[in-house]
Amino acid sequence: MLRILEKPLIDVIHNYDVVLIPMNINSSWSSGIRYEVALNFPYVREKESTTNYCDKRYYGTIYTIECEGKTFCMCYMYKTKYKKHGDSDTVDYDALEKCLHEVCRHYSKKKICLPMIGCSQFDGNGNRERIERIVDDTLKDIDADVFVYEQRDYKLEMFHEIAKLHKLLKNKEINGKEYIKRRSDVEWRRRYGIFRKMPENYTYIPRKGEVN
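The structure presented is a predicted model; accordingly, all values stated were derived computationally and were not measured.

Chemist: Could you give an account of the packing of helix H5 (residues 154–170) against helix H6 (residues 176–192), with specific residues and numbers?
Modeler: For the pair H5 and H6, the least separation of the axes is 10 Å and the interaxial angle reads 175°. Considering the angle they form, H5 stands roughly antiparallel to H6. Of the residues in H6, those touching H5 at Tyr154, Met158, Glu161, Ile162, Leu165, His166, Leu168 and Leu169 are Gly176, Tyr179, Arg182, Arg183, Val186, Glu187, Arg189 and Arg190. Looking at the contact of H5 with H6, its residues break down into eight nonpolar, two polar and six charged.

Chemist: I'd like a description of the nonpolar core, backed by residues and values.
Modeler: The biggest cluster of nonpolar side chains holds 27 residues, and the ones touching the most others in it are Leu20, Cys75, Met77, Val103, Ile112, Leu114 and Val135. Counting residues per element, the ones that place at least two in this core are strand S2 (18–23), strand S4 (70–76), helix H3 (93–107), strand S5 (112–115), helix H4 (128–139) and strand S6 (144–147). Among the elements that line this core, the one with the most residues is H3, at seven residues. Once you skip the residues sitting within four places of it in the chain, valine 135 turns out to touch Leu2, Leu100, Met116, Ile117, Lys140 and Val146. The next biggest cluster of nonpolar side chains, apart from the first, holds 25 residues, and it includes Val12, Val19, Ile21 and Ile33.

Chemist: Can you break down the layout of surface pockets residue by residue, with the values?
Modeler: In this structure, the second largest pocket spans a volume of roughly 180 Å³. Every residue along the wall of the second largest pocket is listed here: Pro115, Met116, Cys119, Ser120, Gln121, Arg128, Phe147, Val148, Tyr149, Glu150 and Gln151. A breakdown of the residues in the lining of the second largest pocket according to their chemical character gives six nonpolar, three polar and two charged.

Chemist: Residues and numbers for H6, please.
Modeler: In this model, H6 (17 residues) spans 24 Å end to end at C-alpha, consistent with the 24 Å of a helix rising 1.5 Å per residue. Gly176, Tyr179, Arg183, Ser184, Val186, Glu187 and Trp188 are the residues of H6 that are buried. Residues of H6 that are buried in the fold lie against H5. Measuring from the backbone nitrogen of lysine 177 back to the side-chain oxygen at the start of H6 gives 3.2 Å, which picks out asparagine 175 as the cap. Of the residues flanking the end of H6, it is glycine 193, one or two places downstream, whose phi is positive at about 85°.

Chemist: So what's going on with the packing of aromatic side chains? Which residues, and what values?
Modeler: Tallying each qualifying case throughout the model produces seven aromatic pairs. When the ring of phenylalanine 41 is compared with that of phenylalanine 72, the centres are 5.0 Å apart and the planes differ by 50°; the resulting orientation is tilted. Of this pair, phenylalanine 41 sits in the loop between helix H1 (32–40) and helix H2 (42–48) while phenylalanine 72 is found in strand S4, placing the two residues 31 residues apart along the sequence. Where tryptophan 188 meets tyrosine 202, the ring centres are 4.9 Å apart and the plane angle is 70°; that geometry is what we call edge-to-face. Pair noted here: tryptophan 188 is in helix H6 and tyrosine 202 is in the segment after H6, with a separation of 14 residues, a long-range link. Judged by its relative accessible area of 22%, tyrosine 202 is partly exposed. Grouped by ring-pair contacts, the aromatic residues Phe41, Phe72 and Phe195 constitute a single cluster. The ring of tyrosine 204 carries arginine 183 above its face, with NZ or CZ at 4.2 Å from the centroid.

Chemist: Give me the lowdown on the packing of H1 against H6, citing residues and values where you can.
Modeler: At a closest axis distance of 7 Å, the pairing of H1 and H6 adopts a crossing angle of 100°. Between H1 and H6, the crossing angle belongs to the class labelled roughly perpendicular. For the pair H1 and H6, contact is made by Tyr35, Leu39 and Asn40 and by Arg189, Arg190, Arg191 and Tyr192, respectively.

Chemist: An account of the pattern of salt bridges is requested, with residue identities and associated values reported.
Modeler: Following the criterion strictly, the structure yields 13 salt bridges and no others. A salt bridge links aspartate 143 to arginine 3; its shortest N-O distance comes to 2.4 Å. In this pair, aspartate 143 is assigned in the loop between H4 and S6 and arginine 3 in strand S1 (residues 2–5), connecting sequence segments 140 residues apart. For aspartate 143, a relative accessible area of 29% corresponds to the partly exposed category. Taking the relative accessible area as the measure of exposure, arginine 3 reaches 26% and is therefore partly exposed. Put simply, glutamate 187 and arginine 183 hold a salt bridge, and the shortest N to O gap is 3.1 Å. With glutamate 187 and arginine 183 both in helix H6, this residue pair falls four residues apart, about one helical turn. Pair check on accessibility: glutamate 187 and arginine 183 agree, each one buried. Connected through salt bridges with shared partners, the residues Arg183, Glu187, Arg190, Arg191 and Glu210 form a single ionic network.

About the thresholds
- Residue positions are counted from 1 within each chain, in the order its sequence is given.
- In view of the model being predicted, local features appear only for residues whose pLDDT reaches at least 70, and side-chain atom pairs are presented and counted only at 80 or more, with totals across whole chains, interfaces and linings using the full set of residues.
- Excluded from the side-chain calculation are hydrogens and water; included are all heavy atoms of the structure.
- Every axis in this analysis is a line fitted to C-alpha atoms, fitted for helices over the stretch in contact. Angles between the N-to-C directions lie between 0 and 180 degrees.
- A run of H or I in DSSP counts as a helix once it spans at least four residues, and a run of E counts as a strand once it spans at least two, with each numbered from the N terminus.
- Orientation labels follow simple angle bins: below 35 degrees gives roughly parallel, above 145 gives roughly antiparallel, 65 to 115 gives roughly perpendicular, and whatever is left gives oblique.
- Any two residues having at least one pair of non-hydrogen atoms within 4.5 Å are treated as being in contact.
- Amino acids outside the nonpolar list (Ala, Val, Leu, Ile, Met, Phe, Trp, Tyr, Cys, Pro) and the charged list (Asp, Glu, Lys, Arg) are all regarded as polar, and Gly is one of them.
- Only buried residues count toward a nonpolar core. Its members are Ala, Val, Leu, Ile, Met, Phe, Trp, Tyr and Cys residues joined through side-chain atoms within 4.5 Å.
- Here the term buried applies to any residue with accessible area under 20% of the maximum for its type, exposed to any over 50%, and partly exposed to those in between, with areas from a 1.4 Å probe on protein chains only.
- In the cavity and pocket records, a cavity denotes points on a 1 Å grid over the protein atoms alone where a 1.4 Å probe fits but cannot get out, a pocket denotes an open set with protein on both sides within 12 Å along at least 5 of 7 lines, and lining residues are residues with an atom within 4 Å of a point.
- Grid points are joined across faces, edges and corners, and a volume is the space filled by probe spheres set on the points.
- To estimate how far a helix should reach, multiply one less than its number of residues by 1.5 Å.
- Any N or O atom pair separated by 3.5 Å or less is treated as a polar contact, with the protein-specific requirement of one donor-capable and one acceptor-capable atom, and with residues adjacent in sequence counted only for side-chain atom pairs.
- Only centres within 6.5 Å qualify two rings of Phe, Tyr or Trp (six-membered ring in Trp) as a pair; their planes then separate them into stacked at under 30 degrees, edge-to-face at over 60, and tilted for everything else.
- We call a charge positioned over a ring when the NZ of a Lys or the CZ of an Arg lies within 6 Å of the ring centre and within 35 degrees of the ring normal.
- Salt bridges are counted wherever a side-chain nitrogen of Lys or Arg sits within 4 Å of a carboxyl oxygen of Asp or Glu.

So this is what it looks like as structure tokens:
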């Protein structure tokens, strides 16, 4: 059964056996769900980086990595957008369909999750209706949850959290001790993600002049 869920995939990723990750052939992990997976499961990024860089033969194939009891399935299905700006569609729809068929062939008995793959600005900026048809047609007979949400720029979110703390400190709405306490929490999540527990003795060390 194919289900549609409207919430961030990363928050419930531990509920699944197989996680589909949209990929290009440049081993880019800089944004969207890929960045959050790399941050929380660094072995996945490390292992994927051993693949052949920019090998066009990867399009339409999957590369699987076992990590923490889950199978992370790299789906090579979109091309790099070389223009800094613009909203061009770089999804290879044939490659996407081939990837999903491979997933079904190997993991039809597993519990699968994926973002609405290819629709985000971070993974091809593809045509939503066309992608939905491909996903529906290929995954309709397996146990899969499709997460429909706006993939976030996690690094930018952390930057905004830090800026907010700076403003609270500057306006004297919190003192230095409270700032360091809150900043320690943000820094830990920024560096290590949301699943690894922060040690009790972990403390952010402010730069000179940052806290008076």
